[in-house]
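Single-letter residue listing:
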Amino acid sequence: SAVISQKPSRDICQRGTSLTIQCQVDSQVTMMFWYRQQPGQSLTLIATANQGSEATYESGFVIDKFPISRPNLTFSTLTVSNMSPEDSSIYLCSVVSPGFSGANVLTFGAGSRLTVL
Amino acid sequence: AQTVTQSQPEMSVQEAETVTLSCTYDTSESDYYLFWYKQPPSRQMILVIRQEAYKQQNATENRFSVNFQKAAKSFSLKISDSQLGDAAMYFCAYRSSSGSARQLTFGSGTQLTVLP
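Residues numbered from 1 in each chain as written. Chains lettered and ligands numbered in written order. Predicted model: local features only at pLDDT ≥ 70, side-chain atom pairs only at ≥ 80, totals over all residues. Heavy atoms only, no water.

Participant: In this structure, what is going on with the packing of aromatic side chains? I would like to understand it.
Facilitator: Across all of its chains, the model carries 14 aromatic pairs over all chains by this definition. When the ring of Y37 of chain B is compared with that of F106 of chain B, the centres are 5.9 Å apart and the planes differ by 50°; the resulting orientation is tilted. With Y37 of chain B in strand β5 (residues 32-39) and F106 of chain B in strand β11 (residues 105-106), the pair connects residues that are 69 residues apart, well separated along the chain. A residue is classified by how much of its surface remains accessible, and Y37 of chain B, at 0% relative accessible area, is buried. Members of the aromatic cluster, joined through ring pairs, are Y35 and F108 of chain A together with F35, Y37, F91 and F106 of chain B. (Phe/Tyr/Trp six-rings, centres within 6.5 Å; stacked < 30°, edge-to-face > 60°. Helix = DSSP H or I, 4+ residues; strand = E, 2+ residues; numbered from the N terminus. Buried < 20%, exposed > 50% of the residue type's maximum accessible area, 1.4 Å probe, protein only.)

Pasting the structure below:
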């Protein structure tokens with residue numbers, strides 16, 4: 001399966017600032033996905049990053065708050081803008097890659113843990 | 001909309017013993033996929049096992065197996081010969097066979113502790 005590198009792995013941020021998270025994949029992929037995992041909760045899809053077009057956002061997430069870039073087929077960034085303590089979460093990048101028995105499954109990066117003070 | 005329910009927020013098991021994690025889901029579809037993901041303290045989400053709804057045979061991956069009961073909409077994970085490295089948060093997930101990967105629905109997770 002694909003190998004995904006995310007950075008930063010963790011950061012502590014001040015309220016009102018913005019932080020960009022980078023996601024690098026070791027193979028070319030059509031779609032990259034950004035998830036949020038709030039403390040003690042499950043994963044929620046933020047958006048799908050498409051190469052060559054604007055990202056597709058899920059309900060409750062907007063481009064102004066979570067701008068996404070996808071300059072090529074192996075890289076994407078997610079920015080968390082104008083952060084507040086409610087944005088303290090783990091942000092995970094994922095891609096679809098071959099898994100068991102050759103079927104395509106979601107593969108995740110290790111996540112970026114953001115703490116907003 | 002599909003929902004995935006994990007009713008056990010926490011479970012513990014003695015090393016070398018067997019533990020079963022529960023998952024139920026709600027869907028009106030007949031064809032779909034079910035997954036168990038593991039998230040250890042390192043936060044790396046790892047796919048543990050995958051089941052296609054059209055297959056009657058339960059999926060097995062080494063010490064991990066599932067009990068898939070389609071009529072009951074139940075998809076439990078059995079871990080045999082538990083090891084300390086199995087300690088993690090386990091998420092059950094659902095995806096429609098007609099949907100894209102973005103339509104993966106996760107349960108709330110079960111924190112598994114393995115006792116030495």
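Participant: For this particular structure, what's the right way to read the confidence of the model for chain B?
Facilitator: A low pLDDT means the predicted coordinates there should not be read in detail. Scored by pLDDT, chain B has a mean of 91; 96% of the residues are at 70 or more. Across chain B, strand β3 (residues 19-21) of chain B holds the top mean pLDDT of 98, while β11 of chain B sits lowest at 90. (pLDDT = per-residue confidence, 0-100.)

Participant: Honestly, the pairing of strand β3 (residues 19-25) of chain A in this entry has me stumped. Any pointers?
Facilitator: Look at any regular strand and the pattern is simple: side chains alternate between the two faces of the sheet. Residues and elements named next belong to chain A. Of the two faces of β3, the one lined by L19, I21, C23 and V25 is fully buried and the one lined by T20, Q22 and Q24 carries no buried residue. By the bridge criterion, four bridges tie strand β1 (residues 4-7) to β3 in an arrangement that is antiparallel. Each residue of the ladder has a partner; that of I4, found in β3, is V25. Looking at chain direction, β3 and strand β8 (residues 75-80) are connected through six bridges and run antiparallel. Note on β8: the bridge partner recorded for I21 is L78. (Pairing = 2+ DSSP bridges.)

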